[in-house]
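Chain and residue survey
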Amino acid sequence: MGRKWEYGDFRQLGCDEKGASGMATKRLARQLGLIRRKSIAPANGNLGRSKSKQLFDYLIVIDFESTCWNDGKCHRSQEIIEFPAILLNTSTGEIESEFHAYVQPQEHPILSEFCMELTGIKQAQVDEGVPLKICLSQFCKWIQKIQQQKKIIFATRVSDISTSEVKLCAFVTWSDWDLGVCLEYECKRKQLLKPVFLNSWIDLRVTYKIFYRRKPKGLSGALQDVGIEFLGREHFGLDDSRNTALLAWKMIRDGCLMKITRSLNKTFLLMQGYEDSSSHFAIALTHLPGLQ
């Protein structure tokens, strides 16, 4: 955790400095992906080096590993056993910080042979891990630390708070499963308080499909299609997260503008269908991680 991991072969993007100050709130909401627009990204044949500044200064990539089986039975209660997070600078492509923890499953404490073979995670590692409640607390402390160091904030709800001189950050996952299914339902089952900033994210799989106009064949296949080799072990959360960050950086270099694709916040869902005067709302940004 906290180890610096760089992509030294990538050069810094040429970006114009353009803050959020003075930007119409409706325009900002649309650019953040909170209001849907009837437009699509350019096809692969029209790709070029990104010329405009990304909406988000940082991305935090998450890729959980969970308990799993292949016994043909229906298991409704998967539990997180690995919790990684990668902080990606969208201007440099550098991974500036990492969080990683093994999580001790409570409902099914013994890992299946299939799960250990698939993920490479051993029983002893989860036995020495921490329950999800403690892991979330550790994760929030890591978030607070990087917020203080880098002045990062997250978009969370509708209000009239100024967005000037801030560094926006969004979460990125490969599909909606990690934050929309796995963490969401485990927290509900165990009656855990989930950080509200984990309610909105960018689904990179959907973003990839729209931007390149082709369906990716898994994360490894998506990387291969853009000329990048998967580094490390597939289905090991930390390596998956690093490779997802690498793909996001490649997409940014190709001109993809990262936007929020999914939100569990009702206010965000309302905003996505809102087409009235922009004077009626503004984007609110939270500076410290809160809990529901």
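See the structure printed just above.
Thresholds, definitions, all that
- Residues numbered from 1 in each chain as written.
- Predicted model: local features only at pLDDT ≥ 70, side-chain atom pairs only at ≥ 80, totals over all residues.
- Heavy atoms only, no water.
- Helix = DSSP H or I, 4+ residues; strand = E, 2+ residues; numbered from the N terminus.
- Contact = heavy atoms within 4.5 Å.
- Phe/Tyr/Trp six-rings, centres within 6.5 Å; stacked < 30°, edge-to-face > 60°.
- Buried < 20%, exposed > 50% of the residue type's maximum accessible area, 1.4 Å probe, protein only.
- Salt bridge = Lys/Arg side-chain N within 4 Å of Asp/Glu carboxyl O.
- Pairing = 2+ DSSP bridges.
- Right-handed = clockwise from strand over helix to strand, strands pointing away.
- Core = buried A, V, L, I, M, F, W, Y, C linked by side-chain atoms within 4.5 Å.
- Polar contact = N/O pair within 3.5 Å; in protein donor to acceptor, adjacent residues only side chain to side chain.
- Axes fitted to C-alpha atoms, helices over the stretch in contact; angles between N-to-C directions.
- Left-handed = near helix turned anticlockwise from the far one by under 90°.
- Nonpolar A, V, L, I, M, F, W, Y, C, P; charged D, E, K, R; others polar.
- Arc of directions from axis to C-beta.

Comments concerning the side chain of T67
- By the secondary structure assignment, T67 is in the loop between β2 (65-66) and β3 (80-89).
- Setting aside residues up to four positions removed in sequence, T67 forms contacts with S77, Q78, E79, I81, P105, H108, L111 and C115.

As for the packing of aromatic side chains
- Inspection of the entire model under this criterion finds 14 aromatic pairs.
- Measuring from ring centre to ring centre gives 6.5 Å for F139 and F171, while their planes differ by 50°; the resulting arrangement is tilted. Placement of the pair is F139 in helix α4 (residues 132-150) and F171 in strand β6 (residues 167-173), with a sequence separation of 32 residues.
- F139 gets classed as buried once you look at its relative accessible area, which sits at 0%.

Some thoughts on the pattern of salt bridges
- Under the defined criterion, the tally for this structure stands at 11 salt bridges.
- Salt-bridge contacts for E79 lead to K190; the nearest nitrogen and oxygen are separated by 2.7 Å. Of this pair, E79 sits in the loop between β2 and β3 while K190 is found in helix α5 (residues 177-190), placing the two residues 111 residues apart along the sequence.
- Judged by relative accessible area, which is 0%, E79 ranks as buried.
- The network of salt bridges with shared partners includes E79, E186 and K190.

Some thoughts on the pairing of strand β7 (residues 200-203)
- Burial along β7 is two-sided: S200 and I202 facing one way and W201 and D203 facing the other are all buried.
- Relative to β7, β6 runs parallel, the two sharing 3 bridges. The residue of β7 that forms the bridge with V172 is I202.
- For the crossover from β6 across α5 to β7, the handedness is right-handed.
- Here 2 bridges tie β7 to strand β8 (residues 262-263), and the two strands are oriented antiparallel to one another. The partner of W201 across the bridge, within β8, is R262.

Considerations on unusual backbone geometry
- Despite not being glycine, S175 has its phi angle at roughly 90°, a positive value.
- Looking at where S175 falls in the secondary structure, it is placed in the loop between β6 and α5.
- S175 gets classed as buried once you look at its relative accessible area, which sits at 9%.

Here we look at the nonpolar core
- Grouped together as the largest cluster of nonpolar side chains are 42 residues, with contacts concentrated most on F56, L59, I202, L204, L247, M251 and M258.
- Counting residues per element, the ones that place at least two in this core are β1 (58-62), β3, α2 (113-119), β6, α6 (204-212), α7 (218-225) and α8 (237-253).
- Element by element, the count of residues in this core is highest for α8, at 8 residues.
- Beyond its immediate chain neighbours, meaning those up to four positions away, L204 contacts V172, T173, W174, T244, L247, A248, M251 and M258.
- Core analysis: the second largest hydrophobic core is formed by 32 residues, F99, C140, I152 and C169 among them.

Quick word on the environment of S263
- Assignment of secondary structure puts S263 in strand β8.
- On the basis of relative accessibility, which here comes to 2%, the residue S263 falls in the buried class.
- Taking C-alpha positions, S263 is 10.0 Å from F197, a pair spaced 66 residues apart along the chain.
- Among the polar contacts made by the side chain of S263, one reaches the side chain of S200 at a distance of 2.9 Å.
- Only 3.1 Å separates the side chain of S263 from the backbone nitrogen of N265, close enough to count as a polar contact.

Comments concerning the environment of I260
- Its location among the elements puts I260 in the loop between α8 and β8.
- Taking the C-alpha atoms as reference points, I260 and L204, 56 residues apart in sequence, are found 9.7 Å from one another.

What about the packing of α7 against α8?
- For the pair α7 and α8, interaxial distance at closest approach is 10 Å and the crossing angle is 35°. The two elements α7 and α8 meet at a crossing, and its hand is left-handed. From α7, L219, A222 and L223 reach across to α8, where they touch D240, N243, T244 and L247.
- Taken together, the residues of the contact of α7 with α8 break down into 4 nonpolar, 2 polar and 1 charged.

Comments concerning the pairing of strand β4 (residues 95-102)
- Of all the 8 residues making up β4, 6 are buried; the element is thus mostly covered by neighbouring parts of the structure.
- Pairing of β3 with β4 involves 7 bridges; the strand directions are antiparallel. Residue I86 lies in a different strand from β4, and its bridge partner there is E98.
- Adjacent in sequence and paired antiparallel, β3 and β4 are bridged by 5 residues, among which G93 carries a positive phi angle near 80°.

Focus on α6
- Taken residue by residue, α6 has L204, T207, Y208, F211 and Y212 as its buried positions. Viewed end-on, α6 has its buried residues packed into an arc of 105°, placing them on one side of the element.
- In the core, the buried residues of α6 are packed alongside β6, β7, α7 and α8.
- If you check the start of α6, you find a side-chain oxygen 3.0 Å away from the backbone N of R205, and it comes from D203.
- Directly after α6, the chain includes R213, whose backbone phi takes a positive value near 60°.

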